[in-house]
Amino acid sequence: MSNSISLAQKYLPMLDETYQLSSLTAPLDYNVVDYSGGNVVKIFKTSMQGLADYDRNTGFVDGSVTGSWETLTLKRDRARSFIIDRMDNDETLDQAFGSLAGEFIRTKVAPEVDAYRFSAYASTEGIGSASGTLTESTIIDAIDAAVQAMDENEVPYEDRILFITPANYALLKKATADMRFASVNDSQLNSNFEMYDGMRVVKVPQRRFKTAVTLCDGSSSDQLDGGFTPAEDAKDINFMIIHPCAVLQVPKHTLPRIFSPEENQKADAWKFDYRIYHDAFVLPNKLSGVYLHAKA
């Protein structure tokens, strides 16, 4: 039992760090939800009236405030279990287990969660959107149009994030080459940039950037590898601008479970279970905080 606890204490912080480094949507963890159980979360929405004329005889015009709880249901419950033989782990100085857990989080969990979240935001009705094939001569105008739409809807300027594919990031670099020059020192040049028009820039591989994805069940004959694939009607996303306050990312993790060979009743092996129960939503009263530009 003590071996299992020691191994868990050794690897759990590493797994959390691996997820944070590998997840591209982690910066959107802005809204905090008090998750008290069940498969739902509730958010409070309010609406109120605007200013009215003040009357020096009768005073203030009465106003009203209405509030309601919006119920959001979590739909994604995903998991996997792995076995590492005791001797395989011992002969690699515990690296077999550590490599398995870390690589699973980095190459399987984080990409799927990102892909699902982006597709959930992209498929929400009412967000700002446009479509088309971007080129070096059109990409600046496309981003400017998105920014202008968000400005008109009074989305806060601060903290907006520009998520963009590597291919479109390269187009943007070419389109802005004559506007900037970055030098590391006299012998090295760096044309990359981390901010654009006040927005943090995050590059998203096209594989994670689709308007719709299918989560494979892992048990059907054609889905044994699990993971995710683009849905049949999916479109490639060129870029998205998202303000963190507009989205709600609700992860309910069970901590990775680790069983020692002594605890494992089926094999003389370490057993690693991972489960993530989660979902992602665009808040109904903040739809303007998300802007999608997809390929036609």
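For the structure, see preceding data.
Computed from a prediction, not measured in an experiment: that's the story for all the values here. (Residues numbered from 1 in each chain as written. Predicted model: local features only at pLDDT ≥ 70, side-chain atom pairs only at ≥ 80, totals over all residues. Heavy atoms only, no water.)

Caption draft 1: Geometry of the overall build of the protein. Within the protein, the secondary structure is distributed over five helices and 15 strands. Put simply, 78% of the contacts in the protein that link residues at least 6 apart link residues at least 24 apart. Of the accessible surface of the protein, which amounts to about 17000 Å², a share of 49% is contributed by carbon and sulfur atoms. (Helix = DSSP H or I, 4+ residues; strand = E, 2+ residues; numbered from the N terminus. Contact = heavy atoms within 4.5 Å. Areas by Shrake-Rupley, 256 points an atom, 1.4 Å probe, with all protein chains shown as cover.)

Caption draft 2: Geometry of the environment of Phe-228. Residue position: Phe-228 is located in strand S11 (residues 228-230). Using a relative accessible area of 9% as the deciding quantity, one classes Phe-228 as buried. Put simply, Phe-228 and Asp-217 are 11 residues apart on the chain and 9.0 Å apart in space, counted from C-alpha to C-alpha. (Buried < 20%, exposed > 50% of the residue type's maximum accessible area, 1.4 Å probe, protein only.)

Caption draft 3: Structural detail: helix H4 (residues 139-152). Along its 14 residues, H4 runs 20 Å from first to last C-alpha, staying within 8% of the 20 Å computed at 1.5 Å per residue. Within H4, the full set of buried residues consists of Ile-139, Ile-140, Ala-142, Ile-143, Ala-146, Val-147 and Met-150. Burial along H4 is one-sided: seen end-on, the buried residues are contained in an arc of 165°. Along H4, the residues that are exposed and aim more than 90 degrees away from the buried face are Asp-141 and Glu-152. Lining the buried residues of H4 we find strand S5 (161-164), helix H5 (166-175), strand S8 (195-196), strand S9 (199-203), strand S12 (237-242) and strand S15 (290-294). (Expected span 1.5 Å × (residues − 1). Arc of directions from axis to C-beta.)

Caption draft 4: Inspection of the packing of aromatic side chains at higher detail. A full pass over the atoms with the stated rule returns eight aromatic pairs. The interplanar angle of 70° and the centroid separation of 5.0 Å between the aromatic rings of Phe-82 and Phe-104 together place this pair among those described as edge-to-face. Within this pair, whereas Phe-82 is found in strand S3 (residues 76-85), its partner Phe-104 is found in helix H3 (residues 95-122), the two being separated by 22 residues in sequence. Relative accessible area serves as the criterion here: at 26%, Phe-82 is assigned to the partly exposed category. On the basis of relative accessibility, which here comes to 11%, the residue Phe-104 falls in the buried class. In textbook terms, an aromatic cluster arises when at least three aromatic residues are bridged by ring pairs, as seen for Phe-82, Phe-104, Phe-272 and Tyr-274. (Phe/Tyr/Trp six-rings, centres within 6.5 Å; stacked < 30°, edge-to-face > 60°.)

Caption draft 5: Fine view of the pattern of salt bridges. The tally for this structure, following the rule as stated, stands at nine salt bridges. A salt bridge links Arg-78 to Glu-112, with the nearest nitrogen and oxygen atoms 2.7 Å apart. Placement of Arg-78 in strand S3 and of Glu-112 in helix H3 is noted, with a sequence separation of 34 residues between them. Note on accessibility: Arg-78 and Glu-112 belong to one class, buried. The partner of Lys-210 in a salt bridge is Asp-236, and the shortest N-O contact between them spans 2.5 Å. Of the two residues, Lys-210 sits in the loop between S9 and strand S10 (213-215) while Asp-236 sits in the loop between S11 and S12, which places them 26 residues apart along the sequence. (Salt bridge = Lys/Arg side-chain N within 4 Å of Asp/Glu carboxyl O.)

Caption draft 6: Geometry of the sheet that holds strand S4 (residues 128-131). Read from one edge of the open sheet, six strands run S4-S15-S12-S5-S9-S8, paired in mixed fashion. Strand pairing shows two members of the sheet lacking a second neighbour, S4 and S8, which therefore form its edges. Pairing geometry for S12 and S15, over five bridges, is antiparallel. The partner of Met-240 across the bridge, within S15, is Leu-292. Contacting S5, S8, S9, S12 and S15, H4 crosses the sheet at an angle of about 30° to S12. Taken strand by strand, H5 contacts S5, S8, S9 and S12, and its axis lies near 110° from that of S5. (Pairing = 2+ DSSP bridges. Axes fitted to C-alpha atoms, helices over the stretch in contact; angles between N-to-C directions.)

Caption draft 7: The pairing of S5, seen in detail. Neither face of S5 is left uncovered, since the one carrying Ile-161 and Phe-163 and the one carrying Leu-162 and Ile-164 both have all their residues buried. Two elements, S5 and S9, share four bridges in a ladder whose sense is parallel. Directly across from Phe-163, in S9, lies its bridge partner Val-202. In terms of strand pairing, S5 meets S12 through four bridges, oriented antiparallel. Counted as the bridge partner of Leu-162 is Ile-241 from S12.

Caption draft 8: Molecular detail of the environment of Ile-237. Relative to the assigned elements, Ile-237 resides in strand S12. Setting aside its immediate chain neighbours within four residues, Ile-237 contacts Ala-122, Thr-165, Gln-206, Phe-209, Lys-210, Thr-211, Leu-292, His-293 and Ala-294.

Caption draft 9: Local environment of the side chain of Lys-210. Look at Lys-210 and you get buried, because its relative accessible area is 13%. Only 2.5 Å separates the side chain of Lys-210 from the side chain of Asp-236, close enough to count as a polar contact. Residues within four places of Lys-210 in sequence aside, it is in contact with Phe-118, Ser-119, Pro-230, Ala-234, Lys-235, Asp-236 and Ile-237. (Polar contact = N/O pair within 3.5 Å; in protein donor to acceptor, adjacent residues only side chain to side chain.)

Remember that the coordinates give geometry; whether it matters functionally is a separate question.
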